[in-house]
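What the coordinates show
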Amino acid sequence: REYINAKSKKEIIFSKGATESLNMIVFGFFKNYLHSNDEVILNKAEHASNILPWIALKKEKDIKIVYAPLENNRLTLNSIKKVINE
């Protein structure tokens, strides 16, 4: 708890790995948080374990996936600002 500066042990969840964690986040939280036409910003360099859950949620909730352009093969704040809207 102290190592990651968590306020409580209840804030910490262990999983088998990144894929399982991302699935828990997408389908455990964002499935109930996002609505039709809401947008999720990703980039083309994302690992499949991060893209695939969002694609599945897109089919289920009719959200939009927007890809931020990479600048010199890097995601920058500027590239994210280019695709953010209301």
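As a convention, each chain's residues are numbered from 1 in the sequence order in which they are written. Totals for whole chains, interfaces and linings use every residue, but because this is a predicted model, local features are given only for residues with pLDDT of at least 70 and side-chain atom pairs only at 80 or more, for both listing and counting. Hydrogen atoms and water are omitted, and side-chain values are computed over all heavy atoms in the structure.

**Side note on the nonpolar core**
Generally speaking, nonpolar side chains in soluble globular proteins are found buried as a group. Nonpolar cores were defined as sets of buried Ala, Val, Leu, Ile, Met, Phe, Trp, Tyr and Cys residues, with membership established by side-chain atoms within 4.5 Å. Residue burial is assigned from relative accessible area. The probe radius is 1.4 Å, only protein chains are included, and a residue is buried under 20% of its type maximum, exposed over 50%, and partly exposed in between. Val-26, Leu-34, Val-40, Leu-42, Ile-51, Trp-54, Leu-57, Ile-63 and Ile-65 together form the largest nonpolar core, which totals nine residues. Elements represented by at least two residues in this core include exactly β1 (39-43) and α2 (48-61). No other element matches the three residues that α2 contributes to this core. Contact between two residues is taken to exist if any of their heavy atoms lie within 4.5 Å; hydrogens are not considered. Look past the residues within four positions of Leu-34 in its chain and what remains in contact with it is Val-40, Trp-54, Leu-57, Lys-61 and Ile-63. Counting from the N terminus, the helices are DSSP H or I runs at least four residues long and the strands are E runs at least two residues long.

**Focus: the pattern of salt bridges**
Should a side-chain nitrogen of Lys or Arg be within 4 Å of a carboxyl oxygen of Asp or Glu, the pair is scored as a salt bridge. Throughout the structure, instances matching the rule amount to three salt bridges. A salt bridge links Glu-2 to Arg-1; its shortest N-O distance comes to 4.0 Å. In this structure Arg-1 comes out as partly exposed when scored by relative accessible area, which is 44%. Among the salt bridges present, the one from Lys-31 reaches Glu-60, with a minimum N-O distance of 2.9 Å. One end of the pair, Lys-31, is in helix α1 (residues 18-33); the other, Glu-60, is in helix α2, and 29 residues separate them in sequence. The partly exposed category is assigned to Lys-31, whose relative accessible area is 30%. Glu-60 sits in the partly exposed class, given a relative accessible area of 45%.

**Re the environment of Asn-23**
Relative to the assigned elements, Asn-23 resides in helix α1. Those residues in contact with Asn-23 that sit more than four places away from it in its chain are Gly-28 and Pro-53.

**Some details on the packing of aromatic side chains**
For this analysis, a ring pair means two rings from Phe, Tyr or Trp (six-membered ring only for Trp) whose centres lie within 6.5 Å, classed as stacked if their planes differ by under 30 degrees, edge-to-face if by over 60, and tilted for the remaining angles. Evaluation of the coordinates by the stated rule reveals four aromatic pairs. Their ring planes at 85° and their centres at 4.9 Å tell us that Phe-29 and Phe-30 sit as a pair that is edge-to-face. Since its relative accessible area comes to 45%, Phe-29 is described here as partly exposed. Using a relative accessible area of 23% as the deciding quantity, one classes Phe-30 as partly exposed. An aromatic cluster is defined as three or more aromatic residues linked by ring pairs; in this entry it consists of Phe-29, Phe-30, Tyr-33 and Trp-54. As a reminder, the over-ring test applies to NZ of lysine and CZ of arginine, requiring each to be within 6 Å of the ring centre and within 35 degrees of the ring normal. We note Lys-44 situated over the ring of Tyr-67; from NZ or CZ to the ring centre the distance is 4.2 Å.

No statement about biological role is implied by the geometric values presented.
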